Amino acid sequence: MNSTQDAHFDHISQQFNVELDDIRTQLMNMGGMIEQQLQDAMQSLKKGDSSSAYAAIKMDDDINKLEMSINDQCARIIARRQPAASDLRFIIAISKAITDLERTGDEIKRVAANIIKLVEEGATEISASEIRNIAKSVSGMISDSLTAFARYDVELAYAVVKRDEEVDEEYKTAMRALVTRMMEEPRSIATSMNVIWILRSLERVGDHAQNIAQHLVYLVKGIDVSHATAEEMQATIDK
Amino acid sequence: MNSTQDAHFDHISQQFNVELDDIRTQLMNMGGMIEQQLQDAMQSLKKGDSSSAYAAIKMDDDINKLEMSINDQCARIIARRQPAASDLRFIIAISKAITDLERTGDEIKRVAANIIKLVEEGATEISASEIRNIAKSVSGMISDSLTAFARYDVELAYAVVKRDEEVDEEYKTAMRALVTRMMEEPRSIATSMNVIWILRSLERVGDHAQNIAQHLVYLVKGIDVSHATAEEMQATIDK
Amino acid sequence: MSNMNKEKNLSTSQNIENRAIPAHTIGEVFVDKPRMTARNVDVYYDDKCAIQDVTIDIGAQQVISFIGPSGCGKSTFLRCLNRMNDTIDTCRISGEIKIDNDNIYDPNIDVVSLRARVGMVFQKPNPFPKTIYDNIAYGPRIHGLANNKSELDDIVEHSLERAGLWNEVKDRLDKPGTGLSGGQQQRLCIARAIAVSPEVILMDEPCSALDPIATAKVEELIYELRNQYTIVIVTHSMQQAARVSDRTAYFHLGKLVEVGETKEIFINPKHELTQDYITGRFG
Amino acid sequence: MSNMNKEKNLSTSQNIENRAIPAHTIGEVFVDKPRMTARNVDVYYDDKCAIQDVTIDIGAQQVISFIGPSGCGKSTFLRCLNRMNDTIDTCRISGEIKIDNDNIYDPNIDVVSLRARVGMVFQKPNPFPKTIYDNIAYGPRIHGLANNKSELDDIVEHSLERAGLWNEVKDRLDKPGTGLSGGQQQRLCIARAIAVSPEVILMDEPCSALDPIATAKVEELIYELRNQYTIVIVTHSMQQAARVSDRTAYFHLGKLVEVGETKEIFINPKHELTQDYITGRFG
Amino acid sequence: MTDSRGRLSPQEAAKRVAATLGRRGSSEKRFRYLGVAAISTALMFLVLLFSGILSNGLPGMFQHYVTLEVYLDKERMDPQGDMSAASLYAGDSGKIVNESVLKALGEPKGRMAKKAARSIMSSASDQRLAQFAVANPELIGQTVPVKFALDDDIDSFMRGFISRETPQSERRINDQVITYVDRLNEAGLISYEISDYLFFGSASRNAEIAGIKGALIGSILTLAVCLVIAFPLGVATAVYLEEIAPKNRFTEIIEININNLAAVPSVVFGIMGLAIFIVAFGMPRSIPLVGGVVLALMTLPTIIISSRAAIRAVPPSIRDAALGIGASRMQTIFHHVIPLAMPGMLTGTIIGMAQALGETAPLLMIGMVAFIVDVPTGVVEPATALPVQIFMWADFAERMFIQKTSAAIIVLLAFLITMNAAAIVLRKKLERRW
Amino acid sequence: MSISSLALYVLVIGMMYFYVGQRTSLEQRANGDVRLHSLPHYYGLWTGLLSALPAFILLVIFAVGDDIVFAQMVKQYYPAAVLEQDVAQQTIAFARVMNVVDGIRFGNPEQWVLDAGAAWITWQATSEMLMSVIVLAVALGGGLIGYRQIAPDFRSRNGVERIILWGLVASSTVAILTTVGIVLSVLFESIRFFQLIPPQDFILGLEWNPQFEGAERAGSGNGEATYGMLPMFVGTLLISTVALTVAVPVGLFSAIYLAEYATPRVRSVVKPLLEILAGVPTVVYGFFAALTVAPFVRSAGEAIGLEVASESALAAGLVMGVMIIPFISSLSDDVINAVPQSLRDAAYGLGSTKSETVRQVVLPAALPGIVAAVILAVSRAIGETMIVVMAAGLAANLSFNPLDAVTTVTSQIVTILVGDQEFESAKTLSAFALALMLIIITLALNFFALQIVKKYREQYD
Ligand SMILES: Nc1ncnc2c1ncn2[C@@H]1O[C@H](COP(=O)(O)OP(=O)(O)OP(=O)(O)O)[C@@H](O)[C@H]1O
Ligand SMILES: Nc1ncnc2c1ncn2[C@@H]1O[C@H](COP(=O)(O)OP(=O)(O)OP(=O)(O)O)[C@@H](O)[C@H]1O
Ligand SMILES: [Mg+2]
Ligand SMILES: [Mg+2]
Ligand SMILES: O=P([O-])([O-])[O-]
């Protein structure tokens, strides 16, 4: 059967409902923190001021803690509630999703670190628009994948997966541009490397968002699509 | 209590023992495949022949499938066996470890892809020793982390974590050398970038090995050390 | 799987009719190698319908478990499979139940020989107040399965061995079976059922009177026995169904709602009712 | 936590002695706000030692569950807590059990008033064969808790409400309590226990006679009640202990082996015996 | 044959099973027939017993009366002239009855004839006339029809037990009498009616006027004493033993005693009653008080045992429930256990009382077998009891006593069946299922 | 005051105290915020019981005790001559005094008798006075003590419950007293009997001829009185055997059929019908045996050329057999039903037929219970009196032939003890000796049966 959003919140055990809801809320919080973190990093880039990038780095700690806490809660639910069927898939999907979110946090932390370097070198202008474009895209992906999670919306999840392909294209284009640039201006290599790391990390963020979307599909459809192509995924969704 | 290796194989339910053992074996297989994959990739680099690198890329598919299969088995065990205590931690640790292994596979696939480019460009000599060094290190880390898993050996796990610090150093040194080289020889930038991606991926492989070692500590000690420093981890192990 | 079967049997109209799955049932109703087949089975107690239009295959050498809320008719259906319901005057059954193509409600089938083919193990361990040996030997004796004492000894030994009880009781075969612990008693009852070489063993909540450790042992035994017997188990514990069975059937208000691989049912059930029951969402 | 307590109470030698944890017990034996405390409790049936040197705190407004293999003395210890063991002639108890600092084995304590403070709910739902109303009203009547009919009505209504049963039975308060379903009966029994406003409610395997759905409802009720009552529950189902309790105590062969936060016990038990029991590893 | 040692293949097993089916089927049938035969035998005995009793007893409820025109001569009926009962009983009713019967037979002459005529009438006819006069004083001085019992031999003759064909010397009534009876019969004076003597008469050696009233009241008084003593004692003992008694020697002794008492033959209770109450305490013989006490002691085990069973049938969970909310032991017992066990206790008591009602031997021992004509009015007055009455009558040779005995048995059985039915109804009605 | 009116007064006083006690505690509860230890009515009960109970006990002591005391006191009036005489004469003397007390005069009593009578009457008056005063004082005083104890923390419930407890204990000792009574009464007389007749003669004697009218009528000779009990025990054995031969198969198979085969409807009809057989008084069976069965047996026997006594062991045994059918069938039915259904299920589940299940599973499991039922039936048969008295005759033949007339222990006891008898004669005393033997045997049987039942119970509990 297709799980629906509310399906998790009508157990006989109210406490179970509360626990599941709690986890979901925390997942959303984590997502919110990630978005904030990315925004902070981008803010630095935009303003040429490293302080918010530092905040972004610092935020990673909180995200890590949140991940550990959710992990802990998932373990607790498995031990205490013996979840089955959609509840079990919920726990599994959540626990995979937070791993991805945590890694996203790590990537953004790297983004922030590299932005700080750019800021310190006063080189925030280099590829700023590419970075911003990609950052916007992946930020949207993260946000969409979490929305999909909140709404059990597999269509939206599919959209996220599709969108990752675009981001990859953007990334490749930006990359090519940067390599060209490095060749042209060997002086800027160090700076360009920073940008490359930033882009690369953002691309990874997109990948993680895609993973999260795939976890949702598993949650709703019960089928693991983590290594499926977009078409296979479409087929699963339509089932 | 401290779990010992055999603790997982004396349930009243033989079937449960078999299932757990199965998962562990598959984890080891997966580790073996990863090692093989890395070796293949390196083989290409050494021989300047891309065929084994292609094999490494192809192997990623099998690794993905194995990951899905283990994931599936973990879900099944949670649903069917209601694992608790060490069994539960075992399942959780395994399921995290295979995620890391799968990502390791992805990274090695990237390494292989970049090696193919190097081979095609006939640039296998660039930084080959650095690459080989790091590859050797991370391969050892992977192997050690899995051995630790097989033996419930937290000391070895700690060694893996410590070793990652060395790899990071090596990586940074190699990186710096490469950037210098790019500046000196802008022509080699494209090739150098390949090497950079290889190094970067290998470094990530080391990180994943470290993660696996941390999962083992969770399994044995029941404490999540994924974001702990080496010292904190040491304290946990000594508990 | 069901498709394959469909083709194989398309020849006779009887079989085509048989293949009609009731609208209220979803999942893998048919199996490749069925040992027993139930087709459109209804059971009434007086005018009360306890089982409604159940169609299901019970696969050979498999464990299938029946789960469902209290009073949904699990036990009723189970007891139809070896006609234990004959002892209830008010009970009427329609539809068709076959074992290896013999209709068990055929007037020519002797219920005695049916029950020798389809053994039963009950909720509460119920050893006879006789020695352990006599408990096991009872079935072979009444059915004349052993030609002499040494054959009987063999049957007893092997039944106990297969029930994993031989080592625990071999030194006290002449002690009363009622002196064993609950879990041992239940394994004794299983050994007793095995001793008449049944094809199918039915078990109605066989662990509900046991503590967790004894339960684990009996479950382990059940799981092992499926290599040689077809086993049907009714259980209140969903976890138990998940642990021991290859397939699981979910009953609801007398209807078979869903049946399929245990793994599927417990991770990814198709029917909303199954999902609700398994995840604890009733009422 | 235990450390804090230790310091706080270091002043009196009595308390220091009390704080000695038996060597065989590990985990968080003491809590911040204990409602009941047991210190070095031994229980004998004739010469058979059923409980050996149990020291444990039962925290106020918490659910604590006792688990352990069959015959390990869970029920025995539970029944010591409201002196239900007094009815067994051969049962002797030594050590000290206090509720809110009153020693319950003090000769001056009237066992009747003790049992009004420490209520009990049993394994099988056991409503009196009276009306639902009279079932609840019985306790308040014998203890003279209500001065008039309307007070009594209030008590009945509130008890049923708190037991989550009011809506189901409010229209048939004058029907016999035995006519309810098993799960409802068990909730009725809980309501009956609540009606005398106890501080502690002891439950001995309260769900073992119920089906999964009724069990879920009773568990839910238990979990909710902990806001107002201290609850001690003995259960054979480890899963149930995991679900309902804040703390869990593991008994083995009459000894309290480990006690601690339920989460800790079920994910990361410290004692090998606990670990083995919880993971199903007994011989 | 076996796929591995000790395991037949299912096919082989099925074959062997099939080989046994025929033999087992017929053995099944045989066994069943044995059961049916046993039950039929038992029921046949029952039918025999009851048909025997009923066939004798129903006629025993009736007897033959003759209605005579009687002139109630005031002078002779009421010698003292004050119309008091004493005076009326002292009157010469006998003569008047004789005259009436002679008149009805057309004034036969001769001593033998007169004697024959008189022998038709019951010897208690004078008493009956006196009673009639006491009941209807206003009729004194008139000639009125009065119904009298026939002598028991005549009654037997009317019923056909004495055959005309038997030679005169071998039958109890002579030809002369038979002629007179025929004459009365032809005149329509003889009627066959429900016997009022049976129900309202007292003990008598004259079969036609013997009745069970005294014995019945004696039985009732005895039972009342028995109930008053046995029920409270029985219930209290049962409660003590089941609910309170610790497992110690004292309890054990009591239990053994009760079981032993249940096994002691009833006649021994009689002996004890005789030795203790009558010889040692010097109480009078034949009184319902002693009879009641003896029967009470005898039924005590029955009541205790059934009460204990009833108490034990109250599930322990109910006690736990009560104790668990703080009821004391006595509250638990009085609020829950006793009310729930009461139907069982009452049933046991009724059954015990029924036993006591039918019991004869101990009453024989304490002298309730005496020939007592007066109807007892209290528990310390001499009395007899219904079964004892039956026992005595059964010993009498007169033909009519056989029927009277059977009739008395019917009355006794009617009581017993009523009591047992009451017990069954009670059990059905109050029985609870947990 | 007479005893009954005094009892009434005590009752009224007790009830008054009950109300007062309850009221007081109710008030205490109403106007203080104290919690009463017990419910108000316990305080009432406590005061009421404290008032009435001791008073009643005193009353009983007075009522029973005074005569006994007076009987001792009156002895001082007896002339020395009377005091020297034996017990019987003293009894007569006492009776004469009592006649005076009751106002009955036979002839001219001696002066000492009149004096004694007068003294007795004064004592009686004094004692009645004393009794009234003391009892009423105790009733009032006891209640007052109880009343003064009323306080919130006074544990009146515990007090009341203790009183009830002692009441229950007292009740349960009645069984002991009865047994003691039986044993003593039988034992003492038996000892006296054995002083006259040596025990070995009694126990091993082959001839029973106690010289009484019944025996003469039965034609057992006029020789010297002999008291050998064996003929009666053989008779008892014979009749019991016949009875069991009838009752065991019929009862057992009926039970099996009812428990295992009969439909609920048949069962609901047949079972009560069979139980009617148990409810029929033995005197009725006796009548039936004497009237119908004995003549039938006799004519049937003669029809096939057998010599049958008119009151044969066979007739009595047959009827006794019918009587104990329901014992065996009911008890067996119970034990068969007590065999857990799960055992039957187990057997059916293995493919047993019904009769196999019954014979191989149910009956073996129920066997101890069935044996116990049979033994109980035997002890019942041995103790049975009336059937034998009425149908088996009184001839103490030492015979194992069921067609002979025999007699049994119980019927001899009855025959000896019915009617007036001198208590000193060996004949009368022999009845007690017989009763002693009877008790010993039935108790032994019963003990045996109970052991079996106990063991059987343990199997399933
Ligand atoms: N002998 C009987 N007579 C009448 N109705 C019956 C009988 N046995 C069962 N039923 C009814 O048939 C329905 C199905 O009963 P069944 O015992 O098969 O349920 P179940 O699923 O086994 O329940 P549980 O889990 O409580 O054992 C129930 O509604 C029950 O009340
Ligand atoms: N009334 C009794 N008399 C003698 N021994 C007893 C009694 N009750 C319990 N025991 C013994 O005391 C030990 C502890 O019994 P208890 O009932 O407390 O165990 P438990 O842990 O509750 O077991 P279960 O899980 O089976 O209920 C057991 O060995 C038991 O045999
Ligand atoms: Mg069932
Ligand atoms: Mg217990
Ligand atoms: O750990 P990764 O995000 O680089 O897969």
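Calculation rules
- Residues numbered from 1 in each chain as written.
- Chains lettered and ligands numbered in written order.
- Predicted model: local features only at pLDDT ≥ 70, side-chain atom pairs only at ≥ 80, totals over all residues.
- Heavy atoms only, no water.
- Near = heavy atom within 4 Å.
- Polar contact = N/O pair within 3.5 Å; in protein donor to acceptor, adjacent residues only side chain to side chain.
- Areas by Shrake-Rupley, 256 points an atom, 1.4 Å probe, with all protein chains shown as cover.
- Helix = DSSP H or I, 4+ residues; strand = E, 2+ residues; numbered from the N terminus.
- Nonpolar A, V, L, I, M, F, W, Y, C, P; charged D, E, K, R; others polar.
- Patch = residues over 30% accessible without salt bridge, like charges linked within 9 Å, V, L, I, M, F, W, Y side chains within 5 Å.
- Salt bridge = Lys/Arg side-chain N within 4 Å of Asp/Glu carboxyl O.
- Contact = heavy atoms within 4.5 Å.
- Buried area = accessible area lost by both parts, 1.4 Å probe.
- Pairing = 2+ DSSP bridges.
- Buried < 20%, exposed > 50% of the residue type's maximum accessible area, 1.4 Å probe, protein only.
- Phe/Tyr/Trp six-rings, centres within 6.5 Å; stacked < 30°, edge-to-face > 60°.
- Lys NZ or Arg CZ within 6 Å of the ring centre and 35° of its normal.
- Domains from an automatic or database assignment.
- Axes fitted to C-alpha atoms, helices over the stretch in contact; angles between N-to-C directions.
- Parallel < 35°, antiparallel > 145°, perpendicular 65-115°, else oblique.
- Core = buried A, V, L, I, M, F, W, Y, C linked by side-chain atoms within 4.5 Å.
- Expected span 1.5 Å × (residues − 1).
- Left-handed = near helix turned anticlockwise from the far one by under 90°.

A. Main features of the site of ligand 1. Residues and elements named next belong to chain C. Taken together, 13 residues form the shell around ligand 1, and within it Ser70, Gly71, Lys74, Ser75 and Thr76 come nearest. Lys48 is positioned with one of its side-chain polar atoms (N or O) 2.8 Å from an oxygen atom of ligand 1. Between ligand 1 and Ser75 there is a distance of 2.5 Å, counted from an oxygen atom to a side-chain nitrogen or oxygen. Relative to its free-state accessible area of 630 Å², ligand 1 is covered by the protein chains to the extent of 65%. Residue assignment for the shell around ligand 1 shows that the elements contributing at least two residues are β3 (48-59) and α3 (74-80). Looking at the shell around ligand 1 element by element, the count peaks at three residues for α3. Its residues assigned to classes, the shell around ligand 1 shows four nonpolar, six polar and three charged.

B. Fine view of a nonpolar patch on the surface. Together, Leu8(F), Leu11(F), Val12(F), Met15(F), Met16(F) and Tyr19(F) make up an exposed nonpolar region whose accessible area comes to about 630 Å². Mapped onto the secondary structure, Met16(F) falls in helix α1 (residues 3-31).

C. Quick peek at the interface of chain B and chain D. Listed by partner, the interface residues are 16 residues for chain B and 14 residues for chain D. Both sides of the chain B and chain D interface together cover about 1200 Å² of buried area, and 48% of this is carbon and sulfur. Counting across the interface, chain B meets chain D through two salt bridges. With a closest N to O distance of 3.0 Å, Asp87(B) and Arg281(D) form a salt bridge. Seen at the junction of chain B and chain D, the total is 11 residue pairs in polar contact (both at pLDDT 80 or more). Listed by contribution, the elements that provide at least two residues to the side of chain B that touches chain D are α3 (85-121) and α6 (189-221) of chain B. The element that contributes the greatest number of residues to the side of chain B that touches chain D is α3(B), accounting for five residues.

D. Quick peek at the sheet that holds strand β2 (residues 34-45) of chain D. Residues and elements named next belong to chain D. Read across the open sheet, the four strands follow the order β3-β2-β5-β6; overall the sheet is antiparallel. Each end of this open sheet is capped by a strand with a single partner; those strands are β3 (48-59) and β6 (102-103). Relative to β6, strand β5 (residues 91-99) runs antiparallel, the two being bridged by two bridges. Paired with Ile99 across the bridge in β6 is Asp102.

E. A look at unusual backbone geometry. Residues and elements named next belong to chain D. In this model, Arg83 sits at a positive phi of 60 degrees, which is unusual for a non-glycine residue. Looking at where Arg83 falls in the secondary structure, it is placed in the loop between α3 (74-80) and β5. With a relative accessible area of 14%, Arg83 lands in the buried category. The phi dihedral of Leu253 falls on the positive side, at around 50 degrees, and the residue is not glycine.

F. Local environment of the packing of aromatic side chains. What the rule picks out here adds up to 29 aromatic pairs over all chains. With centroids separated by 5.8 Å and ring planes inclined at 40 degrees, the aromatic side chains of Phe70(F) and Trp123(F) adopt a geometry described as tilted. Of the two residues, Phe70(F) is situated in helix α2 (residues 40-73) and Trp123(F) in helix α5 (residues 111-149); the sequence distance between them amounts to 53 residues. The burial state of Phe70(F) is the same as that of Trp123(F); both residues are buried. An aromatic cluster is defined as three or more aromatic residues linked by ring pairs; in this entry it consists of Phe193(F), Phe194(F), Phe202(F), Trp208(F) and Tyr227(F). Taking the ring centre of Tyr223(C) as reference, the NZ or CZ of Arg226(C) above it sits at 3.8 Å.

G. Spotlight on the domain arrangement of chain E. Residue and element names in this part refer to chain E. Split by domain assignment, chain E resolves into domain 1 (1-60), domain 2 (62-194) and domain 3 (213-430). Domain 1 and domain 3 are separated by 39 Å when their C-alpha centres are compared. Of the residues lining the interface, eight residues belong to domain 1; the matching set on domain 3 comes to nine residues. Counting the surface domain 1 buries against domain 3, the share from its top three residues, Ile53, Asn56 and Gly60, is 62%. At the junction of domain 1 with domain 3, the criterion picks out zero salt bridges. For the pair domain 1 and domain 3, the interface holds zero residue pairs in polar contact (both at pLDDT 80 or more).

H. Representation of the interface of chain E and chain F in the model. Each partner contributes to the interface: chain E provides 71 residues, whereas chain F provides 76 residues. Of the roughly 6400 Å² buried between chain E and chain F on both sides combined, carbon and sulfur atoms contribute 79%. Broken down residue by residue, the surface that chain E buries against chain F is led by Phe31(E), Ile39(E) and Leu49(E), which jointly contribute 10%. Inspection of the chain E/chain F interface yields one salt bridge. Among the salt bridges present, the one from Arg24(E) reaches Glu356(F), with a minimum N-O distance of 2.7 Å.

I. Inspection of the site of ligand 5 at higher detail. Around ligand 5, a shell composed of Arg103(A), Glu107(A), Arg204(A), His208(A), Arg103(B), Glu107(B), Arg204(B) and His208(B) is seen. Close to ligand 5, residues of chains A and B are found. Here an oxygen atom of ligand 5 sits 2.9 Å away from a polar atom, N or O, in the side chain of His208(A). When isolated, ligand 5 has an accessible area of 200 Å², and the protein chains bury 99% of it. Taken together, the elements giving at least two residues each to the shell around ligand 5 come down to α3 (85-121) and α6 (189-221) of chain A together with α3 and α6 of chain B. Counted by class, the shell around ligand 5 contains no nonpolar, two polar and six charged residues.

J. View of the packing of helix α2 (residues 51-81) of chain A against α3(A). Two elements in contact, α2(A) and α3(A), have axes whose closest approach is 9 Å; the angle formed by their N-to-C orientations is 170 degrees. In terms of orientation, α2(A) lies roughly antiparallel with respect to α3(A).

K. Representation of the nonpolar core. Judged by nonpolar contacts, the single largest core of 247 residues is most densely connected at Leu160(C), Phe269(E), Ile182(F), Phe202(F), Tyr285(F), Ile413(F) and Leu417(F). Ranked by residues supplied to this core, first place goes to helix α10 (residues 230-261) of chain F with 16 residues. Ignoring anything within four residues of it in the chain, the contact list for Phe269(E) reads Leu261(E), Val264(E), Val294(E), Leu297(E), Met298(E), Thr178(F) and Ile182(F). Grouped together as the second largest cluster of nonpolar side chains are 202 residues, Ile189(A), Leu202(A), Tyr158(B) and Tyr250(D) included.

L. Quick peek at α3(B). Helix length check: α3(B) (37 residues) gives 54 Å between terminal C-alpha atoms against 54 Å at 1.5 Å per residue, within 8%. Judged by how many residues are buried, α3(B) sits mostly within the fold: 30 of 37 residues are covered.

M. Quick look at the packing of helix α5 (residues 154-184) of chain A against α6(B). At their nearest, the axes of α5(A) and α6(B) sit 10 Å apart, and the two run at 125 degrees to each other. Judged by the angle between their axes, α5(A) and α6(B) are oblique. The handedness of the crossing between α5(A) and α6(B) is right-handed. When α5(A) is examined against α6(B), the residues Tyr171(A), Met175(A), Val179(A), Met182(A) and Met183(A) are found in contact with a partner set consisting of Ile189(B), Ala190(B), Met193(B) and Trp197(B). The residue inventory of the contact of α5(A) with α6(B), partitioned by class, reads nine nonpolar, no polar and no charged.

N. Spatial organisation of the sheet that holds strand β4 (residues 143-149) of chain E. Residues and elements named next belong to chain E. Taken in spatial order, the three strands line up as β4-β3-β5 in an open sheet, and their pairing is antiparallel. Single-partner strands in this sheet number two, and they are β4 and β5 (190-194). In this sheet, adjacent strand axes meet at a mean angle of 40 degrees when their direction is disregarded. Across the sheet, helix α4 (residues 93-104) is in contact with β3 (62-71) and β4; its angle to β3 comes to roughly 95 degrees.

O. Looking closely at the environment of Pro34(D). Residues and elements named next belong to chain D. Looking at the secondary structure, you find Pro34 in strand β2. Residue class for Pro34 comes out partly exposed when judged on its relative accessible area of 31%. As for Pro34 and Asp100, which are separated by 66 residues in sequence, their C-alpha atoms are 7.8 Å apart. When near neighbours in sequence (up to four residues on either side) are disregarded, Pro34 contacts Asp57, Ile58, Gly59 and Ala60.

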